[in-house]
Amino acid sequence: MLAPRAIAPDKFARGTARGDAAARHIWEDSMKTLNSALRGSAFAALLATMPVTASAQDFINVLTGGTSGVYYPLGVGLAAIYGENIEGVRTQVQSTRASVENLNLLQDGAGEIAFALGDSVAMAWAGNSDAGFTAPLDRLRGIAAIYPNYIQIVASQESGVTDFAGLAGRSLSVGAPASGTELNARAIFGAMGMTYDSLSRVEYLPFAESVELIKNRQLDATLQSAGLGVASIRDLASSLPITVVEVPASVAETLGAPFVAATIPAGTYEGQTADVPTLAVGNFLVTHEGVSDEVAYQMTRLLFENLETLTASHRAAAQISLANALAGMPIPLHPGAERYYREQGLIQ
């Protein structure tokens, strides 16, 4: 913007008293205009370097999972990033029973962003009642594909379980009721030609509670769908000898997308000396249509601009990449997220 032209004050000295007063009035008005323009330019330059300002009403509730899983520490990290970089926004982290509960809460507007498994998101959009969705959750909108969950079946060595078939007649925790983990467990048992009836006892418990029962010798094994290095299994492996149970690659072929064959690398857990084949399924960050375009844009942008910081919360975040942000997205993108991906050239 061009600044207004200033008029030199010495030109006013030659006027009459009335003319001088009038001219000086013009001079003062001109200088006020000039100063205002300069202040405006400086303010605009300053504004460009300041954190994005949110409306006083903006609140971001991050829906996660159990405190011993991966969703929760990542949610804490994400909330901190948003709180530090979106001026005026208030953040909260809510521990939940994970995917299914998170998606139902989003549909009701009881959260702004949530972690969820890809198969749960697809079933929520379709309104799969068997999975815990009484109707299609049509308000859901996508933010990003993030890291994969690995199906991790871990038994105490004392139980004698060495392979999946060996779970028959044993006790197993399959995750919290109607959680994403439990939905994964149900699908895998079906693909292996087994049901929960094959077990001596089935428990529907969150990760930490499952581990405590195994440590107390009240449970043989736990199935957990989580990022590698999940705290609950690390705790178990440091407490007693464990066996990480293989899930054959053929199960991924039977189930199809979003399941893929994967490997839990040797050394992921104490005492695990060999790679263990298993399955993986992608995780997603999801929001709802009631979240403003600007807030959804900032949530997406700040996620990818702060991956190093987020990885300090949990190493699973190291697998998040902008290149894979749209991979397998099972629901429509939020317009705010779409705007960011267009800026980055992922969408033309």
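Residues numbered from 1 in each chain as written. Predicted model: local features only at pLDDT ≥ 70, side-chain atom pairs only at ≥ 80, totals over all residues. Heavy atoms only, no water.

Undergrad: Is there a simple way to explain the overall build of the protein chain in this structure?
TA: For the protein chain, the helix and strand inventory stands at eleven helices and twelve strands. By the burial criterion, 47% of the 348 residues in the protein chain qualify as buried. Taking the contacts inside the protein chain whose residues are at least 6 apart along the sequence as the reference set, 74% of them involve residues at least 24 apart. (Helix = DSSP H or I, 4+ residues; strand = E, 2+ residues; numbered from the N terminus. Buried < 20%, exposed > 50% of the residue type's maximum accessible area, 1.4 Å probe, protein only. Contact = heavy atoms within 4.5 Å.)

Undergrad: How do you make sense of the nonpolar core when you look at a structure like this?
TA: With 101 residues, the main nonpolar core has Ile60, Tyr82, Leu103, Ile113, Leu303, Phe304 and Tyr341 as its most contacted residues. Considering each element in turn, this core owes the most residues, eleven residues, to strand β6 (residues 140-156). When sequence neighbours within four positions are dropped, the list of residues in contact with tyrosine 341 reads Ile143, Ala144, Thr300, Phe304, Leu322, Ala325, Leu326, Leu333, Leu346 and Ile347. (Core = buried A, V, L, I, M, F, W, Y, C linked by side-chain atoms within 4.5 Å.)

Undergrad: Please clarify how the packing of helix α3 (residues 99-107) against helix α4 (residues 118-126) should be interpreted in this entry.
TA: For any two helices packed against each other, one specifies the crossing angle of their axes together with the interaxial distance. In contact at an axis separation of 10 Å, α3 and α4 are set at 40° when each is read in the N-to-C sense. Looking at the two axes, α3 sits oblique to α4. The way α3 lies across α4 gives a crossing that is right-handed. Here Ser99, Val100 and Leu103 of α3 come into contact with α4, specifically with Ser120, Val121 and Ala124. Considering only residue class, the contact of α3 with α4 consists of four nonpolar, two polar and no charged. (Axes fitted to C-alpha atoms, helices over the stretch in contact; angles between N-to-C directions. Parallel < 35°, antiparallel > 145°, perpendicular 65-115°, else oblique. Left-handed = near helix turned anticlockwise from the far one by under 90°. Nonpolar A, V, L, I, M, F, W, Y, C, P; charged D, E, K, R; others polar.)

Undergrad: Before we go on, may I ask you to explain the pattern of salt bridges in this structure?
TA: Close approach of charged atoms allows side chains with opposite charge to pair. Tallied over the full model, the rule gives twelve salt bridges. For the salt bridge of arginine 217 with glutamate 158, the shortest nitrogen-to-oxygen distance reads 3.2 Å. Within this pair, whereas arginine 217 is found in the loop between α6 (207-215) and β9 (221-226), its partner glutamate 158 is found in the loop between β6 and β7 (171-173), the two being separated by 59 residues in sequence. Across the pair, glutamate 158 and arginine 217 agree in class, each one exposed. (Salt bridge = Lys/Arg side-chain N within 4 Å of Asp/Glu carboxyl O.)

Undergrad: Even after reading the chapter, I still don't get α6, so can you show me in this structure?
TA: Three or four residues apart is the spacing at which side chains of an α-helix point the same way, because the helix has 3.6 residues per turn. For α6, the complete set of buried residues consists of Phe207, Ser210, Val211 and Ile214. Relative to the axis of α6, the buried residues are bounded by an arc of 95° and lie together on one face. Contacts made by the buried residues of α6 are with β6, β7, α5 (180-191), β9 and α7 (231-239). Arginine 217 sits one or two residues past α6 and shows a positive phi near 60°. (Arc of directions from axis to C-beta.)

Undergrad: Explain the side chain of glutamate 182 to me, please; I cannot follow it from the model alone.
TA: Within the secondary structure, glutamate 182 is located in helix α5. Glutamate 182 sits in the buried class, given a relative accessible area of 3%. Within the structure, glutamate 182 has its side chain in polar contact with the side chain of tyrosine 196 (distance 2.7 Å). Not counting residues up to four positions away in its chain, the partners in contact with glutamate 182 are Val174, Ala176, Tyr196 and Tyr204. (Polar contact = N/O pair within 3.5 Å; in protein donor to acceptor, adjacent residues only side chain to side chain.)

Undergrad: Teacher, can you tell me more about unusual backbone geometry here?
TA: Glycine aside, the phi torsion of most residues is negative, and most peptide linkages are trans. Alanine 257 connects to proline 258 through a cis peptide bond whose omega is 10°. Phi at alanine 98 is positive, roughly 80°, even though this residue is not glycine. Residue placement: alanine 98 occurs in the loop between β4 (90-94) and α3. In this structure alanine 98 comes out as buried when scored by relative accessible area, which is 15%.

Undergrad: Mind showing me how you'd approach the confidence of the model for the protein chain here?
TA: Low-pLDDT portions of the prediction should not be read for the details of their coordinates. This prediction gives the protein chain a mean pLDDT of 87; 84% of its residues lie at or above 70. Confidence drops under pLDDT 50 across residues 1-50; counting only partners more than four residues distant or on other chains, this segment forms 22 contacts. (pLDDT = per-residue confidence, 0-100.)

Undergrad: Sorry, what's going on with the packing of helix α9 (residues 293-305) against helix α11 (residues 335-343) here?
TA: The geometry of α9 relative to α11 is characterised by a closest axis approach of 6 Å and an angle of 50° between their N-to-C directions. In terms of axis orientation, α9 runs oblique to α11. Here α9 runs over α11; the crossing is right-handed. Counted together, Asp293, Glu294, Ala296, Tyr297, Thr300, Arg301 and Phe304 of α9 and Pro335, Gly336, Ala337, Arg339, Tyr340, Tyr341 and Glu343 of α11 form the full contact between these two elements. Here the residues of the contact of α9 with α11 are counted per class, giving seven nonpolar, two polar and five charged.

Undergrad: Which parts of the structure should I look at to understand the pairing of β6?
TA: Each regular strand shows side chains that alternate between the opposite faces of the sheet. Where burial is concerned, most of β6 is hidden: 16 out of the 17 residues are buried. Both β6 and strand β12 (residues 276-288) contribute to a ladder of eight bridges, which runs antiparallel. Bridge assignment links alanine 144 to a residue of β12, and that residue is leucine 285. Note that β6 and β9 share six bridges and pair antiparallel. Each residue of the ladder has a partner; that of isoleucine 151, found in β9, is serine 225. Summarising the sheet, β6 and strand β10 (residues 242-245) pair through four bridges and their orientation is antiparallel. Pairing of isoleucine 153 across the sheet is with valine 245, part of β10. (Pairing = 2+ DSSP bridges.)

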